[in-house]
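Residues per chain are reported as follows:
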Amino acid sequence: MRILITYGSKLGGTREIAGQLASDLRDEGLDAEALAPEDVGDVRAYDAVIVGGGLYANRWHRQARRFVHRHAHELRERPVWFFSSGPLDDSAARERIPPTAQVRALMEQVGARGHETFGGRLERDARGFIARSMAREHAGDWRDSGQLARWARSVAEELGEAASVRAGFEPAGQESPR
């Protein structure tokens, strides 16, 4: 099963999350790769897609939004999950943070199965006026590798159950509706 993880990332933290998710999914036995949206040729080459975006002032990164709009038809035809990154504290590791209204609307557009919010990263020497200003008080890395691995495992399990049902096998612990 081929899985695409694509992302919109301004400062590289979300790109690194996508890379870690691809690695975690490969550890689960899946063929996963992380690509920037502009490097994705045909979504139909993948069995499932994960789209991630960095949050900036509660708005998902523009590249992630554009990717969803550009490939909406193909995304509706396969399992899709979304993730967001951005809280510059440990809140995403402590509690489930729902998608923003903008992300929720994109999820509905393509029938996404789920969403996860991960902590963000902001370098002390971040470039750009706003990032530099924020870095004075919020520099750090709040990405939780355990949270990433658990979410990747849950996606892999859901994909495995879907593949079993398509092949005519019932997932463990479930009875056939026949």
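See the structure shown above.
Cut-off values and rules
Residues numbered from 1 in each chain as written. Predicted model: local features only at pLDDT ≥ 70, side-chain atom pairs only at ≥ 80, totals over all residues. Heavy atoms only, no water. Buried < 20%, exposed > 50% of the residue type's maximum accessible area, 1.4 Å probe, protein only. Helix = DSSP H or I, 4+ residues; strand = E, 2+ residues; numbered from the N terminus. Pairing = 2+ DSSP bridges. Salt bridge = Lys/Arg side-chain N within 4 Å of Asp/Glu carboxyl O. Contact = heavy atoms within 4.5 Å. Expected span 1.5 Å × (residues − 1). Phe/Tyr/Trp six-rings, centres within 6.5 Å; stacked < 30°, edge-to-face > 60°. Lys NZ or Arg CZ within 6 Å of the ring centre and 35° of its normal.

*Asks:* Can you walk me through the pairing of strand 5 (residues 80-85) in this structure?
*Replies:* For a regular strand, side-chain orientation follows a simple rule: the groups alternate between the two sheet faces. With six of its six residues buried, strand 5 lies for the most part within the structure. Of the two faces of strand 5, the one lined by Val 80, Phe 82 and Ser 84 and the one lined by Trp 81, Phe 83 and Ser 85 are each fully buried. Note that strand 3 (residues 48-56) and strand 5 share six bridges and pair parallel. Across the sheet, Val 51 pairs through a bridge with Phe 82, a residue of strand 5. As judged from the five bridges shared by strand 5 and strand 6 (residues 114-118), these two strands associate in the parallel manner. If you follow Trp 81 over to strand 6, its bridge partner there is Gly 114.

*Asks:* Explain the pattern of salt bridges to me, please; I cannot follow it from the model alone.
*Replies:* Any two side chains of opposite charge can pair, so long as their charged atoms come close to each other. Scanning all chains against the criterion turns up 10 salt bridges. The salt bridge involving Arg 94 is made with Glu 95; its shortest N-O contact spans 3.7 Å. Look at Arg 94 and you get exposed, because its relative accessible area is 55%. A salt bridge links Glu 116 to Arg 96; the nearest nitrogen and oxygen atoms lie 2.9 Å apart. Of this pair, Glu 116 sits in strand 6 while Arg 96 sits in the loop between helix 4 (91-94) and helix 5 (101-110), and the two are 20 residues apart along the sequence. Note on Arg 96: relative accessible area 61%, which makes it exposed. Each of Arg 2, Asp 31 and Glu 33 takes part in a single network of salt bridges with overlapping partners.

*Asks:* Is there a simple way to explain the side chain of Ser 84 in this structure?
*Replies:* Considering the arrangement of structural elements, one finds Ser 84 in strand 5. In contact with Ser 84, not counting residues within four places along its chain, are Gly 53, Leu 55, Trp 60, Val 103, His 115, Glu 116, Thr 117 and Phe 118.

*Asks:* Looking at this model, I keep getting lost on helix 1 (residues 13-27). Mind explaining?
*Replies:* Working note: α-helix, 3.6 residues per turn, so residues spaced by three or four point in the same direction. Spanning 15 residues, helix 1 covers 21 Å between terminal C-alpha atoms, matching the ideal 21 Å at 1.5 Å per step. Gly 29 sits one or two residues past helix 1 and shows a positive phi near 90°.

*Asks:* Teacher, can you tell me more about the packing of aromatic side chains here?
*Replies:* The way to describe two aromatic rings as a pair is by their centre distance and the angle between their planes. All told, the structure shown has four aromatic pairs when counted by the stated rule. Three or more aromatic residues joined by ring pairs form one cluster here, namely Phe 83, Phe 118 and Trp 151. Lys 10 extends its terminal NZ or CZ atom over the ring of Tyr 56, reaching a point 4.7 Å from the ring centre.

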